[in-house]
Amino acid sequence: MKITRVTAEPLEHARVPQLLVHVEDDAGNLGTGECWWGVATMQQDVPGDTLAPIAATVDKLLGPRCIGWEAGRIERIWGDLMRYAYRYGDEGILRCALSGIDLALWDLLGKRLAQPVSQLLGGTVHDALPVYASLPGQRELAPLLAEVQRALAAGFTAVKVHEFDVDLVLALRDALGPDPILMVDALGRFPPATAAHQSQRLAEARLTFLETPLYPMRDYRLLARLRRDSPIPLAVGEHEWSFDGFERLFKSESVSFVQPEICKIGGLTFARRIGTLAELYGVPLCPHAYRLGPGFNATLHWAFASPGAVWVEVPFLPEGIDFPSGAVLPPLVNGCANLPPGVGLGDCRR
Ligand SMILES: [Mg+2]
């Protein structure tokens, strides 16, 4: 089965735009993947076009190169595309675009063989995986508490808030009581000089992890220093891309939970390698996800087939905001998610 068409499909949205990638073969099979890029989420009125640079990389650079290739030779295609285009820089936009094509190829292969992608990865190793609701920042207690309670009512037992005010997080824990599992993503807003002190104060909130406390987010020397002084386990990795980068992260011993983003690092083909690397260094896998759609489904298939996976992030949007892909929250049982139904990457649309 030869690839006949590769197209990017931007899904415009004022706050949570998405970028899908479709790959078709000469037997009429269609696979759909997704790219993500990690610019600030939930932001309105972003100037310019955040999707266009990646869409152009799919449509004008990598996609045409794929035409005529055997669609099932995913590893071969991945390696060829990287070698073909790495002079643009083998991280960043190139990898975001490659991720979408790669995920579409896995979806296509699963559909052609009538198998879920997790089966193609060797089958599931988890019966269910704990997930946490990832809430956009609120900055004040009343709306923050309301959003956390809405997530708990939706079936989550763990919640991550994007807040960097220690007093606000302590007040939230006070209001919630001891039960819900709580994580904090500090968005790189802790000043290095006081981060250890802030982390020590946060210990009272009994956090499962403190994510991305420092900027620059890939300064693992700084992060390792904080980890030595932090009573809270640190989570990081959503801004990392390559073998070199992840190995530098693991070797620095600065991370307790690693959070690769499958729509940035090069799709499932590369995610499998990073999963193995994390296993080698004994760091549990906690995949990053901030869109619902093909990318999130791929994250679930990867996590379910990875022995080291312990948590999966689930974006939880404010009431009335839906992802333009039409995908909805996966059904939750006891705070755990299951795989989406169907073959390939599966479907979670309403
Ligand atoms: Mg984060």
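Residues numbered from 1 in each chain as written. Predicted model: local features only at pLDDT ≥ 70, side-chain atom pairs only at ≥ 80, totals over all residues. Heavy atoms only, no water.

Asks: I'm lost on the coordination of the magnesium ion in this one. Help?
Replies: Think of it this way: four donors in a tetrahedron around the metal ideally sit 109.5 degrees apart, and six in an octahedron ideally sit 90 or 180 degrees apart. Listed as protein donors to the magnesium ion are Asp185 (OD), Glu211 (OE) and Glu238 (OE); their distances from the metal cover 1.9 to 2.1 Å. On the primary sequence, the residues serving as donors to the magnesium ion are separated as D-x25-E-x26-E. A residue pair is termed long-range when its members are at least 10 positions apart, and Asp185 in strand β6 (residues 181–185) and Glu238 in the loop between β8 (234–236) and α9 (243–251) qualify at 53 residues. (Donors = N, O, S within 2.8 Å, 3.2 Å for Na, K, Ca; no water. Helix = DSSP H or I, 4+ residues; strand = E, 2+ residues; numbered from the N terminus.)

Asks: What's the story with the packing of aromatic side chains in this structure? I'm lost.
Replies: In this description, a pair of aromatic rings is defined by centroid distance and the angle of the planes. For the structure shown, the criterion picks out 9 aromatic pairs. Between Phe156 and Phe316 the ring centres are 5.7 Å apart and the planes differ by 80 degrees, which places this aromatic pair in the edge-to-face class. With Phe156 in the loop between α5 (141–153) and β5 (158–161) and Phe316 in the loop between β10 (312–315) and β11 (332–333), the pair connects residues that are 160 residues apart, well separated along the chain. When the ring centre of Tyr84 is taken as reference, the NZ or CZ atom of Arg65 above it lies at 4.2 Å. (Phe/Tyr/Trp six-rings, centres within 6.5 Å; stacked < 30°, edge-to-face > 60°. Lys NZ or Arg CZ within 6 Å of the ring centre and 35° of its normal.)

Asks: Is there a simple way to explain the layout of surface pockets in this structure?
Replies: If you add up the space inside the second largest pocket, you get close to 310 Å³. Along its surface, the second largest pocket is lined by 16 residues, and Thr32, Pro294, Gly346, Asp347 and Arg349 are the ones closest to its centre. If you list the elements that add at least two residues to the lining of the second largest pocket, you get β2 (18–25), β3 (30–35), α3 (93–113) and α12 (294–304). Considered class by class, the residues forming the lining of the second largest pocket number 6 nonpolar, 6 polar and 4 charged. Here the lining of the second largest pocket gathers at least three residues from each of two domains, domain 1 (3–115) and domain 2 (119–337). (1 Å grid on protein atoms, 1.4 Å probe; cavity = no way out; pocket = protein on both sides within 12 Å on 5 of 7 lines; lining within 4 Å. Points joined across faces, edges and corners; volume = space filled by probe spheres on them. Nonpolar A, V, L, I, M, F, W, Y, C, P; charged D, E, K, R; others polar. Domains from an automatic or database assignment.)

Asks: Just checking my understanding: could you explain the nonpolar core for this structure?
Replies: Proteins that are soluble and globular tend to have nonpolar side chains buried together. If you look at the biggest cluster of nonpolar residues, it comprises 109 residues, and the most contacted ones within it are Leu62, Ile101 and Leu268. Take this core: its biggest share by element is 11 residues, from α3. Contact partners of Leu62, with chain neighbours within four places excluded, come to Thr57, Leu81, Ala85, Leu94, Ala97, Leu98 and Ile101. (Core = buried A, V, L, I, M, F, W, Y, C linked by side-chain atoms within 4.5 Å. Buried < 20%, exposed > 50% of the residue type's maximum accessible area, 1.4 Å probe, protein only. Contact = heavy atoms within 4.5 Å.)

Asks: It is not clear to me how the sheet that holds β2 should be interpreted in this structure. Could you clarify?
Replies: Within a sheet, neighbouring strands are paired by backbone hydrogen bonds and run either parallel or antiparallel to one another. Taken in spatial order, the 3 strands line up as β1-β2-β3 in an open sheet, and their pairing is antiparallel. One side of each edge strand has no neighbouring strand; the edge strands of this open sheet are β1 (3–11) and β3. For this sheet the average axis-to-axis angle between neighbouring strands, irrespective of direction, equals 20 degrees. Here β1 pairs with β2 via 8 bridges, running antiparallel. Along β2, the bridge assignment pairs Ile3 with Asp25. Contacting β1, β2 and β3, α3 crosses the sheet at an angle of about 150 degrees to β3. (Pairing = 2+ DSSP bridges. Axes fitted to C-alpha atoms, helices over the stretch in contact; angles between N-to-C directions.)

Asks: Looking at this structure, how should I read the pairing of β2?
Replies: Every other side chain in a regular strand lies on the same face of the sheet, so the side chains alternate between the two faces. Most of β2 sits out of view: 7 of its 8 residues are buried. Between the end of β1 and the start of β2, which pair antiparallel, lie 6 residues. One ladder, built from 6 bridges, connects β2 with β3; its direction is antiparallel. Across the sheet, Leu19 pairs through a bridge with Cys35, a residue of β3.

Asks: Quick question: what am I supposed to make of the environment of Asp59 here?
Replies: Position of Asp59 among the secondary structure elements: in helix α1 (residues 52–66). Each C-alpha atom of the pair Asp59 and Leu81 lies 13 Å from the other, and the pair is 22 residues apart in sequence. Not counting residues up to four positions away in its chain, the partners in contact with Asp59 are Val6, Thr7, Ala8 and Pro64. From its side chain, Asp59 meets the backbone nitrogen of Ala8 in a polar contact 2.9 Å long. (Polar contact = N/O pair within 3.5 Å; in protein donor to acceptor, adjacent residues only side chain to side chain.)

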